[in-house]
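# Analysis of the macromolecular model
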Amino acid sequence: MQNIQQFAKKGLTSLIGAAMLGALGLAVVPTANAASTCEADNWSSLEGCLNQSNAGSVDTINVIDDIANTGWGHPSGEYTNLNVTNTVTIMGNGHTVSYAHFHVTGGTFTLDNLKVNDGIENWPTYPSEIPVSITGATLNLTNGSGLYTNGGVGRAIGILVGNNSTLNLQSAGADWGSNYGGTQAIRAASGAIVTNNSKIGETSFDVSVAETVERVSNVKINITDGVYVNENSGTDNDTYAVNTWGADVTVGGSARVQEVYVKDGTYTQTAGEITPDIDSSSVKSGNASLTLDGSAKAYIEGGTLRTADLNSGARKSIHLLSADAKAYLRPQDPATPIVFGNGEVYGFKATEFQTPTNEKPYAFTTEYGHANLGSLTEDQNKPELRVFSGNVSSAESLAGQVANDANAQNVNNMSGQSPSSLVVPNTNKLGGSTSSVRKDLVVYAKITFNDGKFVSAAEGVTPTATLYGAPGAKNTYTYYDSSNYSGWTNPAKLPYNGDLTKPTDNGLFAGWYRDDKLEEPLTNFTGDPRFPFGYFVSKETQNVFVQRSAVNTNGKFAIRVYSAVPNAHFNGFAFVNLTLYDPTQNLSKKFVVRTTTLYKTASVNGSGTVALTPADYGKSGSDAKYWAVGTLTSIPGEWADSQVTATPQWTTLDGTSVSRGIAGGSDFTLPTAESGVSAAKPLQ
């Protein structure tokens, strides 16, 4: 308590000091620098503001007029980088910066209501311009900002993206006029967004289409608003509005993107629209809405992926260029479909769990979001039913569900059940794949489409997509089919029982019960019930706390060691390897303390005014309900500062001894030095 009191006094003194300053009318001045704004109305002042920002003295640039670099060298292709190496926001106020190439290599660069125009549409023989290139930084496009580049020779790209970059594109876009598609966030002749490391920092890009996109790493592109156009896509089918290799792309909100290409990365869509035919202009594409290449994975949970009018059936909404590229679907709301160019895909979910019986260990019904689900598969009544044992939270995202599916098991429809009422037989074989109260039995169905209705593929690649049903879960059900081992009557003698005596990812074994109500513990398997419930609890339950008395006049003291238990259905408790270690003497002593008594509370001092309950355990996820307490008395005083460790252990009613291993003892703080160890309050 002494150290705690010293810190408390120091903190109190600090508070008193602050209060006195307030009474004297003095304020505590923060040390952080105040925000600084720089105004720009021409090219020179814009460069000057960026230089100040890079030096750390400016974090906001306020553009108060249209700005253009009108030097003769610039329209001839000798553009100048506007370097951004520090966090800065450019407030455009609706103005335009022309002939600009922002080269971003550090911090967070935010464009707010600013139009960036290549300005060379009247100079068709000069190299095209790249408004923004970025590597090792974050770009935010917000509040009416827009990028435009479609003049000149070469690759006219809106944003060139290098390694270790994040793009947050959440601007509705700027109005470029009716001749150029109206309001768009990025309009570019050769790709709104392209990943490429070798060209970062260059102001123009004059290479073949095949060399445009390059692999990058640690790149995230998040598009939630605005229109993104690849103007030359109709005649150049190897360019895309979003053209990425190795990046993770997310589309949502009200975004509208002409087309997306993802190679060796992930694509996630929760809302928005991918449409090769941008309605607000004459731009049309021969590409699919989404093209997946290499090992790309697409997780589509909402929104629209249309089919191009120019495709003539050759490319659908999703096009696979590789056998390793996969498309996964799961509507966020089963009643709200994912829209494709030639149909809609509705979801389904699992409901109506019931307590296992001998005939139906697990049962649920699939609810379809729409009766027309069968229009996209041969037989809507035959989805592939899957089950895995794990946390249902791990399947909340579609990507998580797909990852868990690798360890899931198929479950066949039981005879006599209606097609949409499917039963999961008992699949939890204790010893390696045990579920517990810390996990869920997660059940779902999936359907694989390979009919080519909305997925196309390159030659030799099967055009498939997998639709997952929303996962349903029944918590706390871990059952063992006792009929499989009718020759054993004592669970402790089962051949896999060794797996239950030590902690696993599932927790600590805490006994067999008739069901998950935990009202009737079992000591033997008799065949009734057929599916006894195996109870598991958090490993944190078997932590160790230590309580010490003061050294008495005889030079002796006592300690009590505490560990929690989940209920009273045990054969006994022990603290084995109870060890006192004195580092000053470099000596240790070991004891074994056993008990069959449990306590609701334990008094700290003799009067019982300070009572410790398992609620004081302070361990997240612990199933603590009662105390098991072991006491050592008449310990020589020279061991008073010794370190205490113990191995808490309980024995279940079927005879299984279970322990998480050695746990270090955390001392309870005693109110006074004179407090002694008194009897705990017995369980009533």
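Residues numbered from 1 in each chain as written. Predicted model: local features only at pLDDT ≥ 70, side-chain atom pairs only at ≥ 80, totals over all residues. Heavy atoms only, no water.

Moving on: the overall build of the protein chain. What the protein chain contains, in helices and strands, is three helices and 56 strands. Out of the 684 residues in the protein chain, the part that is buried amounts to 50%. Taking the intrachain contacts of the protein chain between residues at least 6 apart in sequence as the baseline, contacts between residues at least 24 apart amount to 70%. Accessible area for the protein chain stands at about 28,800 Å²; split by element, carbon and sulfur atoms hold 46% of it. (Helix = DSSP H or I, 4+ residues; strand = E, 2+ residues; numbered from the N terminus. Buried < 20%, exposed > 50% of the residue type's maximum accessible area, 1.4 Å probe, protein only. Contact = heavy atoms within 4.5 Å. Areas by Shrake-Rupley, 256 points an atom, 1.4 Å probe, with all protein chains shown as cover.)

All right, on to the pairing of strand E43 (residues 508-513) then. Summarising burial for E43: six of the six residues are buried, a large majority. Direction of pairing for E43 relative to strand E45 (residues 533-537): antiparallel, over a ladder of four bridges. The residue of E45 that forms the bridge with Trp512 is Gly534. In this structure, E43 lies alongside strand E44 (residues 521-522), joined through two bridges in antiparallel fashion. When the sheet's bridge partners are listed, Trp512 is paired in E44 with Leu522. (Pairing = 2+ DSSP bridges.)

Turning our attention to the sheet that holds strand E24 (residues 260-263). The strand order across the open sheet built from 10 strands is E4-E7-E10-E13-E18-E21-E24-E27-E30-E40, with neighbouring strands paired in parallel fashion. The outermost strands of the open sheet, each flanked by one partner alone, are strand E4 (81-84) and strand E40 (455-457). Strand after strand, the sheet turns through a mean of 15° between neighbouring axes, direction not considered. Inspection of the sheet shows strand E7 (residues 101-104) paired to strand E10 (residues 132-134) by three bridges, in the parallel sense. The residue bridging His103 from the neighbouring strand is Ser133, located in E10. Of the strands in this sheet, E4 and E7 are in contact with helix H2 (residues 43-54), which crosses E4 at around 25°. (Axes fitted to C-alpha atoms, helices over the stretch in contact; angles between N-to-C directions.)

Below, the discussion takes up H2. End to end, H2 covers 17 Å across 12 residues, agreeing with the expected 16 Å (1.5 Å per residue, within 8%). Those residues of H2 that sit buried are Trp43, Ser45, Leu46, Cys49, Leu50 and Ser53. Axial view of H2: buried residues confined to an arc of 165°, hence all on one face. Looking at H2, the residues exposed on the side facing more than 90 degrees away from the buried face are Ser44 and Asn51. Measuring from the side-chain oxygen of the N-cap residue of H2 to the backbone nitrogen of Ser44 gives 3.2 Å; that N-cap residue is Asn42. Gly56 sits one or two positions beyond H2 and adopts a positive phi of about 95°. (Expected span 1.5 Å × (residues − 1). Arc of directions from axis to C-beta. Polar contact = N/O pair within 3.5 Å; in protein donor to acceptor, adjacent residues only side chain to side chain.)

So, about a negative patch on the surface. A cluster of acidic side chains, namely Glu39, Asp41, Asp65 and Asp66, defines a negative patch on the protein surface. Residue position: Glu39 is located in strand E1 (residues 37-40). Assessed through its relative accessible area of 52%, Glu39 is described here as exposed. (Patch = residues over 30% accessible without salt bridge, like charges linked within 9 Å, V, L, I, M, F, W, Y side chains within 5 Å. Salt bridge = Lys/Arg side-chain N within 4 Å of Asp/Glu carboxyl O. Lys, Arg positive; Asp, Glu negative; His and termini not counted. Charge placed at Lys NZ, Arg CZ, Asp CG, Glu CD.)

One open sheet holds the three strands; their spatial order is E44-E43-E45, and the pairing between them is antiparallel. The open sheet terminates on both sides in strands that have one partner only, identified here as E44 and E45.

Looking now at the pattern of salt bridges. Applying the stated criterion to the full structure yields eight salt bridges. Its salt-bridge partner being Arg256, residue Glu273 comes within 3.1 Å of it at the nearest N-O pair. Here Glu273 is found in strand E26 (residues 273-274), whereas its partner Arg256 is found in strand E23 (residues 256-257), with 17 residues between them in sequence. Close ionic contact of Glu273 with Arg306 constitutes a salt bridge, the shortest N to O distance being 2.6 Å. Of this pair, Glu273 sits in strand E26 while Arg306 sits in the loop between strand E29 (304-305) and strand E30 (318-320), and the two are 33 residues apart along the sequence. The class of Arg306 is partly exposed, set by a relative accessible area of 36%. Connected through shared salt-bridge partners, Arg256, Glu273 and Arg306 make up one network.

So, on to the packing of aromatic side chains. Counting across every chain of the model gives 13 aromatic pairs. Ring centres 5.9 Å apart and planes at 85° place the aromatic pair Tyr513 and Tyr535 in the edge-to-face group. Residue Tyr513 is found in strand E43, and its partner Tyr535 is found in strand E45; the two are separated by 22 residues along the sequence. Side by side, Tyr513 and Tyr535 carry an identical accessibility label, which is buried. Each residue in the set Tyr299, Tyr328 and Tyr468 is aromatic and connected to the rest through ring pairs, giving one cluster. Directly above the ring of Trp176 sits Lys115, whose terminal nitrogen or CZ lies 4.8 Å from the centroid. If you follow Lys263 out to its NZ or CZ, it ends over the ring of Trp245, 3.9 Å from the centre. (Phe/Tyr/Trp six-rings, centres within 6.5 Å; stacked < 30°, edge-to-face > 60°. Lys NZ or Arg CZ within 6 Å of the ring centre and 35° of its normal.)

Of note, Ser145 is situated in the loop between strand E11 (138-142) and strand E12 (146-149). Residue classification places Ser145 among the buried residues on the basis of a relative accessible area of 0%. Polar contacts involving the side chain of Ser145 include one to the main-chain amide nitrogen of Asn113, which spans 2.8 Å. Within the local environment of Ser145, its side chain forms a polar contact with the backbone nitrogen of Leu114, the two atoms lying 3.0 Å apart. Those residues in contact with Ser145 that sit more than four places away from it in its chain are Leu111, Asp112, Asn113, Leu114, Ser171, Gly173, Ala174 and Ala185.

Of the residues in the protein chain, 66% have a pLDDT of 70 or more, and the chain-wide mean is 74. Counted against residues more than four places away or in other chains, residues 412-439, with its pLDDT under 50, gives 95 contacts. (pLDDT = per-residue confidence, 0-100.)

Let us look at the state of the cysteines. Inspection of the entire model under this criterion finds one disulfide. The disulfide that involves Cys38 links it to Cys49, with 2.0 Å between the sulfurs. With the S-S dihedral at roughly -70°, the linkage between Cys38 and Cys49 falls on the left-handed side. In this pair, Cys38 is assigned in strand E1 and Cys49 in helix H2, connecting sequence segments 11 residues apart. (Disulfide = S-S within 2.5 Å.)

Located in the positive-phi region is Tyr99, a residue other than glycine, with phi close to 55°. Checked against the element boundaries, Tyr99 lands in the loop between strand E6 (96-98) and E7.

Once that is clear, we can look at the pairing of strand E41 (residues 465-468). The two faces of a sheet get side chains in turn, since along a regular strand they alternate between them. Burial of the side chains of E41 extends over both faces: Ala465 and Leu467 are buried on one face and Thr466 and Tyr468 on the other. Here two bridges tie strand E31 (residues 326-329) to E41, and the two strands are oriented parallel to one another. Its bridge partner being in E41, Tyr328 is matched across the sheet by Thr466.

Moving on to the nonpolar core. With 75 residues, the main nonpolar core has Phe102, Ile159, Ile193, Ile223, Tyr267, Leu292 and Leu329 as its most contacted residues. In this structure, Val537, Phe570, Ala628 and Trp650 belong to the second largest nonpolar core, which totals 19 residues. (Core = buried A, V, L, I, M, F, W, Y, C linked by side-chain atoms within 4.5 Å.)

Tracing the sequence through the fold places Asn197 in the loop between strand E18 (193-195) and strand E19 (219-223). Distance in space between the C-alpha atoms of Asn197 and Leu160 is 8.3 Å, their sequence separation being 37 residues. With residues up to four places along the chain from it excluded, the contact list for Asn197 reads Gly162, Asn163, Glu214, Arg215 and Val216. Within polar-contact distance, the side chain of Asn197 engages the side chain of Asn163 at 2.9 Å.

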